[in-house]
Amino acid sequence: MNYRHAFHAGNHADVLKHLTLSRIFALLAKKDAPYAYLDSHAGVGLYDLAADQASRTGEFLQGIARLWQASVVPQVCADYLRVIHELNPDGQLRYYPGSPELARQLSRAQDRLHCNEKHPQDGQLLKENMHFDHRVAVHLGEGWHVPRALMPTREKRAVLLIDPPFEQADELERCVKALNEAIGRMRQAIVVIWYPIKDARQLKRFYNQLTGSSAPKLLRVELLVHPADDATRLSGSGLVIANPPWGLEDELRSLLPWLAQALAQSAGDWRLDWLIEEKPTGS
Ligand SMILES: C[S@@+](CC[C@H](N)C(=O)[O-])C[C@H]1O[C@@H](n2cnc3c(N)ncnc32)[C@H](O)[C@@H]1O
């Protein structure tokens, strides 16, 4: 386990993932019913962009720093940026929320969070970062076991984020397996899988497996900051979202052209489509 998210915190991929998550929480909050948030590969929860790891790569400069400095941003970015403003009240961008902190700040009193991190040191930091919030349970186990260990949740609504480091060759396949397990246990769960856009051949296989998965419906969202023609670099990233809340597709369709322009490095692009469309009732 060599991957440490601190090197990449706040980069373009985090912006896509965290902005989308913020909209999922906002759309879920339209109803009072509680939800459970499950984060199988949670990281440390909160990042210091001035610390050695983030400043060594400077990836956040091409990510969150661009939104932070933008004079006008679309309204759907407001919740996400508000969380970051609250972490940096003096107006200097220094602290960046990982998915657990973002979820914690955007969830309500009735919601519950389960954050899992296997790396012993990062897990300990996650515990320290979350310990004061009784709604958050931190687990230090195997992320791939989260669907079977924690689902179905006692809340009828659940969001599962699957965000592995992709250090091992089989992690795309494991994501599909975890998706099937989650949907098998909780058919209505919102499952979000993050993936890197690097190797087109691997991705083609991944899309085929996803299309054959048991998700009732599956939305694909991708954001490129470089043309996807070089398998050795991160050209962009994607999310597949099972059971996206109503309204998310339209929001993302209006946001992505702006975001692709805001985060473009050599060339920005985006796509949004359904890998599995909802089957008409009765068919
Ligand atoms: C991409 S980072 C997570 C970032 C986080 N979700 C966020 O958005 O802020 C992936 C994390 O998974 C952890 N990890 C790696 N293998 C794992 C496993 N088998 N089970 C659980 N966590 C794992 C890594 O230590 C790393 O912190």
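Right above here is the structure, for reference.
## Description of the overall build of the chain
If you tally the helices and strands in the chain, you get 10 helices and 10 strands. The C-alpha atoms of the chain give a radius of gyration of 18 Å, which matches the 19 Å a tight globule of 283 residues would have. Split into buried and exposed, the 283 residues of the chain put 54% on the buried side. Residue pairs in contact within the chain that sit at least 24 positions apart in sequence constitute 76% of those at least 6 positions apart. With 33 positive and 34 negative side-chain charges, the chain shows a separation of 5 Å between the mean positions of the two kinds.

## A word on the site of the ligand
Of all residues adjacent to the ligand, which total 22 residues, the nearest are H18, S99, E117, G143 and D163. At a separation of 2.8 Å, an oxygen atom of the ligand approaches a polar side-chain atom of H18. In this structure, S99 approaches the ligand through a main-chain N or O atom, which is 2.8 Å from an oxygen atom. Relative to its unbound accessible surface of 600 Å², the ligand loses 96% to contact with the protein. Grouping the constituent residues of the shell around the ligand by class yields four nonpolar, 11 polar and seven charged.

About the criteria used
Residues numbered from 1 in each chain as written. Predicted model: local features only at pLDDT ≥ 70, side-chain atom pairs only at ≥ 80, totals over all residues. Heavy atoms only, no water. Helix = DSSP H or I, 4+ residues; strand = E, 2+ residues; numbered from the N terminus. Rg over C-alpha atoms; globule rule 2.2 N^0.38 Å. Buried < 20%, exposed > 50% of the residue type's maximum accessible area, 1.4 Å probe, protein only. Contact = heavy atoms within 4.5 Å. Lys, Arg positive; Asp, Glu negative; His and termini not counted. Charge placed at Lys NZ, Arg CZ, Asp CG, Glu CD. Near = heavy atom within 4 Å. Polar contact = N/O pair within 3.5 Å; in protein donor to acceptor, adjacent residues only side chain to side chain. Areas by Shrake-Rupley, 256 points an atom, 1.4 Å probe, with all protein chains shown as cover. Nonpolar A, V, L, I, M, F, W, Y, C, P; charged D, E, K, R; others polar.

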